[in-house]
Structure formats: C-alpha cells, structure tokens
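# Coordinate analysis (summary)
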Amino acid sequence: MLFSSESFPHVFSALEAAAFLEGSRGYRGKRFMPMVGRFGAVAAATRHQRRSCVGNSRIEAQRAYARQERETAKLVAQVMEKYDTDQSGALSEDQVERLLTDLDYTTPPGTKPTQEELAFVMQCADKRRNKRIDRDELIGAVTVYNAYLKDKNRIDAVLTKYDDNQSGALDFAQTKKLLVDLNDGIEVSDNEVKMVMSYADVGLTGDLKRVEVLLAINYWYHMAEIEEEEKGKGGCCVVL
C-alpha cells in the first residue's frame, strides 16, 4: 500500500483541530473525534497552523507554514500521480473509490468502501458538485474519510443503541433520543432536531445514515457552544 492515513500525519493534526473552527467548535466531550465540516477545511487548517506558531518568531512561523505547504503539496501530487490514471487533473468516483480502499485500515486490505461511504465523501468534499474530486478538494476528502474511520466503532455503538428498528439509519424520533442523551437527559425541541438533521443529512434522505451520525453529534455540540458563547456575551440566545 503506497498511501495510508499515516501518510498524512501533519495534515490530519491540523485539519482535525480545524473541525473546532469550521463545524465542531462546541465539541465538549472525548467520546467522538471531531469531524471536519463540509467546506473550508483547507482554509481552517491554514488558520490553525498560523495560530500554532504563536510564541515563535515571525520568521520561524513563516518557515513552519511554508514547510507544511510544501509537504502537503508533495503529498497531493503523489496521490494524484497514483490515482489520477487518466491525467484529468481530478479524481473520478472510481478513482476516489480506489483511494479510499487504500486508506481504509479498519478492514482487510483491498476492501472497497460501501456505496454509502463513497457517496458521503463525495458529497462532503465535492464543493463544485462536478461529481469528481479536484486537486484542491483532495485534502478535504481524505480528512473526512479519516475522521470517519477513526470512529466507525463508536458510530456502530450509537446505531446499535438508537436504531431500534435496525434500518441502518436514524429517523427523526431516534435522532431526538440520541440528542436528549447527549444533552444529559434534558428535553430537546423538535426545531433543534430539525437543525441537526438538516446539517448532517448530506445525502438528503430524510434520515441519518451510518456515516452521517458523526456529523450530527459534532453539530449538536457546535450548537451548544454557540449558545454558551452568546450567554457569555451577556446577550440572549434564541434557538429556533
């Protein structure tokens, strides 16, 4: 296997922290790893890298940032060289499937992602909606999948507990039960559930598939953090 999730350690450390900035700022627990938001992953990683250099001299910070940029560009070039077999400058769904197959360390070598997993990555990373992953979208795609792989077992545990009809997804009522438990047993309004499902249901199926559950959990904590920030400012937070 030429590439694995370990090929991208500096990218993942920055982008996973960037989830706090882009889609998971309210992540308060440690039960789930942060999931990057649908958009802005690379920009968020850039901001994180700059902030991580606080305390160093400006020159050192600039050098560290430039070094990460070069390393990331090199990795992207290597991935494109291997998987962009038609040299189109982007990865088709079939080529993305090959990449995800090689990245997956949770299954036997050569195991392809499910169609649901592939569709999830495409929906999250394909910002241009051209049914391919362009070069500048590659880091986002890899990061989304890596974050998902890290918490597959925990996601399965959530489905086992809340998917009482064994449909493979959480409907509105089941999602509400999950959110109430995350909210320490305090009732959650239907509008809050709708907000979470609207964000996490990237497949627009009306429920939360296995791969979308992590998005929902992180977005719930994001909503909680916004409310806490508003209270800290002395204002009022209205949850629609």
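Scroll up a little and you will see the structure.
Presented here is an overview of the structure given in this document.

Quick notes on the rules
- Residues numbered from 1 in each chain as written.
- Predicted model: local features only at pLDDT ≥ 70, side-chain atom pairs only at ≥ 80, totals over all residues.
- Heavy atoms only, no water.
- Helix = DSSP H or I, 4+ residues; strand = E, 2+ residues; numbered from the N terminus.
- Buried < 20%, exposed > 50% of the residue type's maximum accessible area, 1.4 Å probe, protein only.
- Contact = heavy atoms within 4.5 Å.
- Core = buried A, V, L, I, M, F, W, Y, C linked by side-chain atoms within 4.5 Å.
- Phe/Tyr/Trp six-rings, centres within 6.5 Å; stacked < 30°, edge-to-face > 60°.
- Salt bridge = Lys/Arg side-chain N within 4 Å of Asp/Glu carboxyl O.

## Topic: the overall build of the protein
Secondary structure summary: the protein contains 10 helices and 4 strands in total. For the protein, buried positions account for 48% of its 240 residues. The contacts of the protein with a sequence gap of at least 6 include a subset with a gap of at least 24, amounting to 60%.

## Quick word on the nonpolar core
Grouped together as the largest cluster of nonpolar side chains are 51 residues, with contacts concentrated most on Leu91, Leu99, Ile133, Leu138, Leu170 and Trp220. When residues of this core are traced back to their parent elements, those giving at least two are α3 (58-83), α4 (93-103), α5 (115-125), α6 (138-150), α7 (152-162), α8 (172-182), α9 (190-200) and α10 (213-232). Examining the composition of this core, we find that 9 residues originate from one element, α10, more than from any other. With residues near it in sequence (within four places) discarded, Leu138 still touches Val76, Val79, Met80, Leu91, Leu99 and Ile133.

## A few points about the packing of aromatic side chains
Remark: the centre distance and the inter-plane angle together describe each pair of aromatic rings, the angle taken between the planes. If you walk through the whole model with that rule in mind, you get 2 aromatic pairs. With 4.3 Å between their ring centres and 10° between their planes, Tyr199 and Tyr219 make a pair best called stacked. Here Tyr199, found in helix α9, pairs with Tyr219, found in helix α10; they are 20 residues apart in sequence, far enough to count as distant. In this structure, Tyr199 and Tyr219 share a single accessibility class: buried.

## A closer look at the pattern of salt bridges
For the structure on display, the rule yields 13 salt bridges. For Asp134, the salt bridge is made with Arg132, and the minimal N-O distance between the two is 2.9 Å. Relative accessible area serves as the criterion here: at 8%, Asp134 is assigned to the buried category. For Arg132, a relative accessible area of 33% gives the class partly exposed. For the salt bridge of Asp207 with Lys209, the shortest nitrogen-to-oxygen distance reads 3.5 Å. Accessibility expressed as a relative area gives 17% for Asp207, which makes it buried. The exposure class assigned to Lys209 is partly exposed, which follows from its relative accessible area of 26%. Salt bridges here are not isolated pairs; linked through shared partners, they connect Arg128, Arg132, Asp134, Asp136 and Glu137.

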